[in-house]
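# What the coordinates show
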Amino acid sequence: MKTMMKKIARLSLALMFVMVLLVSNYTEIDAATKVRYTYKTYDKSQTYRGKSCTIRDVEKYRRVIIKGKSKAVKKINQVLKETCDGVLKAMPAGEWAKEDADYRQYDETYNNIYTSKVMYNEKGIISIRIDYKWYQGGVGYRGCNCFTFDLSTGKQLKLTDVCKGSNRALTKKIKDKLVKKYTRDAFWGSGFDSISAEKCDFYLKKGGKVVVTFDQAELSSDGAGGLHDITLKSKY
């Protein structure tokens, strides 16, 4: 009887050990496919009161910070931090607001705002879109920067990494879709001709989609028509 009880006890311990291994492996796999993250906002806004009016210059940057201590997470966060720091160095862009406050006849709000948003966080990939808008009393400008990373390595991915096809084939597909969506006359100058898939900004969406984006003046030298985008099929 004692021998039987010892065998049962050993078997139970062995089963518990296997279960621990399975749970541990599941946790590691889950951590590699999806991550937790938060946002941090930097505010360098200023108010300029001049001789004739008051101008509020709103200057903000919202950055994504991924939670975790892996080398891949640290690598991704470093890229996002350096991008943010580069923009913050130029903030506030208040020289225009300060000068304009002395001669404009009415109060106004200027802006230089960057807003990050996680667009995709599945299957070992995180994709981030950073929208920005800039207005300093003249013509306004807007666009977006995009970052897509492999969560297991921290590598920043190109469009050719997430879509099937060569750079040449994808470039042709992008141009064809742009012409179909907006017509060829919507683009002039060198922007359209210089499109290269591996250099395009893009972000992933659920449902196996990739959105390829172009800034306000990227495809038309006068910035006409605002932002442009097309959608492709992704591997994810």
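Anything mentioned here points back to the structure above.
Remember, predicted model here, so these are calculated numbers, not experimental data.

Definitions and cut-offs
- Residues numbered from 1 in each chain as written.
- Predicted model: local features only at pLDDT ≥ 70, side-chain atom pairs only at ≥ 80, totals over all residues.
- Heavy atoms only, no water.
- Helix = DSSP H or I, 4+ residues; strand = E, 2+ residues; numbered from the N terminus.
- Buried < 20%, exposed > 50% of the residue type's maximum accessible area, 1.4 Å probe, protein only.
- Contact = heavy atoms within 4.5 Å.
- Salt bridge = Lys/Arg side-chain N within 4 Å of Asp/Glu carboxyl O.
- Expected span 1.5 Å × (residues − 1).
- Arc of directions from axis to C-beta.
- Phe/Tyr/Trp six-rings, centres within 6.5 Å; stacked < 30°, edge-to-face > 60°.
- Lys NZ or Arg CZ within 6 Å of the ring centre and 35° of its normal.
- Core = buried A, V, L, I, M, F, W, Y, C linked by side-chain atoms within 4.5 Å.
- Disulfide = S-S within 2.5 Å.

The helix and strand inventory of the chain stands at five helices and nine strands. What you see in the chain, going N to C, is helices and strands ordered as α-β-β-β-α-α-β-β-β-α-α-β-β-β. For the chain, buried positions account for 38% of its 236 residues. Sequence separation of at least 24 residues holds for 60% of the intrachain contacts in the chain that already meet a minimum separation of 6.

Pairs can form between side chains of opposite charge once their charged atoms are near each other. Inspection of every chain in the model, using the stated rule, returns eight salt bridges. Of the charged contacts in the structure, one is a salt bridge between Arg104 and Glu108, with a shortest N-O distance of 3.3 Å. Notably, a salt bridge pairs Lys206 with Glu122, separated by 3.6 Å at the nearest N-O pair. Here the residue Lys206 occupies a position in the loop between β7 (201-205) and β8 (209-214), and Glu122 occupies one in strand β4 (residues 108-122), the gap between them amounting to 84 residues.

With that settled, consider helix α5 (residues 167-182). Residues spaced three or four apart along an α-helix face the same direction, because each turn holds 3.6 residues. With 16 residues, α5 should cover 22 Å at 1.5 Å per step; its first-to-last C-alpha distance of 22 Å lies within 8% of that length. Buried within α5 are the following residues: Leu170, Thr171, Ile174 and Leu178. Projected onto a plane normal to the axis of α5, the buried residues spread over an arc of 105° and lie on a single side. Exposed residues lying more than 90 degrees from the buried face of α5 are Arg168, Lys172 and Lys180. Against α4 (159-162), β8 and β9 (228-233) lie the buried residues of α5. Immediately downstream of α5, the backbone of Thr183 shows phi near 80°, a positive value.

By the definition in use, this model includes nine aromatic pairs. When the ring of Tyr37 is compared with that of Tyr39, the centres are 5.8 Å apart and the planes differ by 80°; the resulting orientation is edge-to-face. According to the relative accessible area criterion, Tyr39 is partly exposed, its value standing at 30%. Residues Tyr114 and Tyr132 carry aromatic rings whose centres are separated by 5.3 Å and whose planes lie at 25° to one another, so their mutual orientation is stacked. Placement of Tyr114 in strand β4 and of Tyr132 in strand β5 (residues 125-135) is noted, with a sequence separation of 18 residues between them. Grouping residues by exposure puts Tyr114 and Tyr132 together as buried. The rings of Tyr61, Tyr114, Tyr132 and Tyr141 are connected pair by pair, giving a single aromatic cluster. Positioned over the ring face of Tyr39 is Arg62, at 4.1 Å from the centre of the ring.

Moving on to the nonpolar core. One finds Leu159, Ile174, Leu178 and Val212 to be the most contacted residues of the largest nonpolar core, which totals 22 residues. If you list the elements that add at least two residues to this core, you get α4, α5, β7, β8 and β9.

To continue, consider the state of the cysteines. Applying the stated criterion across every chain, the model contains zero disulfides. Considering cysteine sulfurs only, Cys144 is the nearest to Cys146, which forms no disulfide, with 4.0 Å between them.

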